[in-house]
Amino acid sequence: MADKFAIVTGASTGIGAELAKLAVKDGYDLLVVADTPFVDASAGLQHLGADVKTLEVDLSTFEGVDQLLSAASGRQIDLLCANAGHGLGHAFLEQDPSAWRHVIDTNVTGTLYLLQKVLRAMVARNAGKVLVTGSIAGFIPGSFNAVYNGTKAFVDNFTDALRNEIKDCDGVTLTTLMPGPVDTEFFARGDMMDTQVGQDPKKSDPADVAKDGYDAVMSGKASIVSGWKNKIQQAVANVTPAAVLAEQHRKMAKPGTADS
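An account of the accompanying structure is given in this report. (Residues numbered from 1 in each chain as written. Predicted model: local features only at pLDDT ≥ 70, side-chain atom pairs only at ≥ 80, totals over all residues. Heavy atoms only, no water.)

### Focus on the overall build of the protein chain
Next up, step 1: Across its full length, the protein chain holds nine helices and seven strands.
Next up, step 2: By the compact-globule yardstick of 18 Å for 260 residues, the protein chain fits well, its C-alpha radius of gyration being 18 Å.
Next up, step 3: Referenced to the eigenvectors of the C-alpha coordinate spread, the extents of the protein chain come out at roughly 55 × 40 × 30 Å.
Next up, step 4: Looking at the protein chain residue by residue over its 260 residues, the buried ones come to 48%.
Next up, step 5: Sequence-distant contacts in the protein chain: of pairs separated by 6 or more residues, those separated by 24 or more amount to 67%. (Helix = DSSP H or I, 4+ residues; strand = E, 2+ residues; numbered from the N terminus. Rg over C-alpha atoms; globule rule 2.2 N^0.38 Å. Buried < 20%, exposed > 50% of the residue type's maximum accessible area, 1.4 Å probe, protein only. Contact = heavy atoms within 4.5 Å.)

### Quick look at the pairing of strand β4 (residues 79–82)
Next up, step 1: Residues of β4 alternate between two faces, with Leu-79 and Cys-81 on one and Leu-80 and Ala-82 on the opposite face, all of them buried.
Next up, step 2: Looking at chain direction, strand β1 (residues 4–9) and β4 are connected through three bridges and run parallel. Within β4, the position partnered with Ala-6 by the bridge is Leu-79.
Next up, step 3: Relative to strand β5 (residues 128–133), β4 is paired through four bridges, and the arrangement is parallel. Across the sheet, Leu-79 pairs through a bridge with Lys-129, a residue of β5.
Next up, step 4: Between the parallel pair β4 and β5, the chain is carried across by helix α3 (residues 97–125), and the sense of this crossover is right-handed. (Pairing = 2+ DSSP bridges. Right-handed = clockwise from strand over helix to strand, strands pointing away.)

### Notes on helix α4 (residues 146–165)
Next up, step 1: The end-to-end C-alpha separation of α4 is 29 Å, in line with the 28 Å expected for 20 residues at 1.5 Å each.
Next up, step 2: Val-147, Tyr-148, Asn-149, Thr-151, Lys-152, Val-155, Asp-156, Thr-159, Leu-162 and Arg-163 are the residues of α4 that are buried.
Next up, step 3: As for α4, its buried residues are in contact with α3, β5, β6 (172–178), α5 (186–189) and α9 (242–253). (Expected span 1.5 Å × (residues − 1).)

### Focus: the layout of surface pockets
Next up, step 1: Taken as a whole, the second largest pocket encloses approximately 160 Å³ of empty space.
Next up, step 2: Leu-112, Leu-115, Gln-116, Leu-119, Arg-120, Val-123, Phe-158, Leu-162 and Ile-166 together form the lining of the second largest pocket.
Next up, step 3: Looking at the lining of the second largest pocket, the elements that each hand over two or more residues are α3 and α4.
Next up, step 4: Top contributing element to the lining of the second largest pocket by residue count: α3, with six residues. (1 Å grid on protein atoms, 1.4 Å probe; cavity = no way out; pocket = protein on both sides within 12 Å on 5 of 7 lines; lining within 4 Å. Points joined across faces, edges and corners; volume = space filled by probe spheres on them.)

### Here we look at unusual backbone geometry
Trans is the prevailing form of peptide bonds, just as negative phi is the prevailing case for residues other than glycine.
Next up, step 1: A positive phi angle, near 80°, is found at His-90, a position not held by glycine.
Next up, step 2: Relative to the assigned elements, His-90 resides in the loop between β4 and α3.
Next up, step 3: One non-glycine residue, Asn-126, lies in positive phi territory at about 55°.
Next up, step 4: With respect to the helices and strands, Asn-126 occurs in the loop between α3 and β5.

### Thoughts on the state of the cysteines
Next up, step 1: With the rule as written, the count across this model stands at zero disulfides.
Next up, step 2: In this structure Cys-81 is not part of a disulfide, and its nearest cysteine sulfur, from Cys-169, lies 20 Å away.
Next up, step 3: The buried category is assigned to Cys-81, whose relative accessible area is 1%. (Disulfide = S-S within 2.5 Å.)

### Things to note about the sheet that holds strand β2 (residues 28–34)
Next up, step 1: With parallel pairing, the seven strands of this open sheet are ordered in space as β3-β2-β1-β4-β5-β6-β7. In this open sheet, the two strands that pair with only one neighbour each are β3 (52–56) and β7 (223–225). Each adjacent strand pair in this sheet contributes to an overall mean axis angle of 15°, direction not counted.
Next up, step 2: Against the sheet, α3 engages β1, β4, β5 and β6, with an angle of about 160° to β5.
Next up, step 3: Across the sheet, α4 touches β5 and β6, and the angle it forms with β6 is around 155°. (Axes fitted to C-alpha atoms, helices over the stretch in contact; angles between N-to-C directions.)

### With respect to the packing of aromatic side chains
Next up, step 1: The tally for this structure, following the rule as stated, stands at five aromatic pairs.
Next up, step 2: On the numbers, 4.2 Å between centres and 20° between planes, the contact of Phe-62 with Tyr-113 is stacked. On the criterion of sequence distance, the pair formed by Phe-62 in helix α2 (residues 62–71) and Tyr-113 in helix α3 is long-range, its members being 51 residues apart.
Next up, step 3: Since its relative accessible area comes to 42%, Phe-62 is described here as partly exposed.
Next up, step 4: The buried category is assigned to Tyr-113, whose relative accessible area is 14%.
Next up, step 5: Between Phe-186 and Phe-187, the ring centres sit 5.0 Å apart and the planes meet at 85°, which makes this aromatic pair edge-to-face.
Next up, step 6: Taken together through their ring pairs, the aromatic side chains of Tyr-148, Phe-186 and Phe-187 make up a single cluster.
Next up, step 7: Positioned above the aromatic ring of Tyr-28 is the side chain of Lys-4, whose terminal nitrogen or guanidinium carbon lies 4.3 Å from the ring centre. (Phe/Tyr/Trp six-rings, centres within 6.5 Å; stacked < 30°, edge-to-face > 60°. Lys NZ or Arg CZ within 6 Å of the ring centre and 35° of its normal.)

Don't take any of this as a statement about function, it's just geometry.
Structure (structure tokens):
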């Protein structure tokens, strides 16, 4: 058993799976969590020498988060990578309420509940690291992905505020990772494969995004925008009218734009 223990959510594929690899290689025992199946009981990480446990659970509910915390078996959580998140394409007025509510409950409600539970203990002992996956989507009105972008705007803003609230705890790091489009299952799960952004061959590599986030949380950075193109896009978004940004997003996220 290692001296350090980490939890990574949204860890069956993509950014979360890459974060889990980095944590194991860095000497952490690991609990990896997702709402989709893992390749095996150790998420394919056992050969790296750590104690790895997997948990398949829905983190959109308080009950799911409580199951996650129970699975930690009372171990001190030294690192939390709160990476679980869902997208949802198509026009908001066409979406089933249960679908958009699940996006909100996963990206916002479940994430906040997990952060509150884990950070209370970290702040009490003034030690611990938390990486939260936000997005540069939070800076852009997301036409045809409106709920997802709205949740990421909340997460980006919320973590900025929470970071200020706990700033006197100099032993606790809260870092926000803000990638752009990443080459993961996100677009297929969000029914966005018929869009320009879904078919874009130049999406970021999840391993590169995870490395940016991991390095940032380990060095105590407040936030990191992954990728130089995304850094430029974030800067431009801060000075561009919302209507213009929404129209730009429409052109890449409206169903059928993959053929345009």
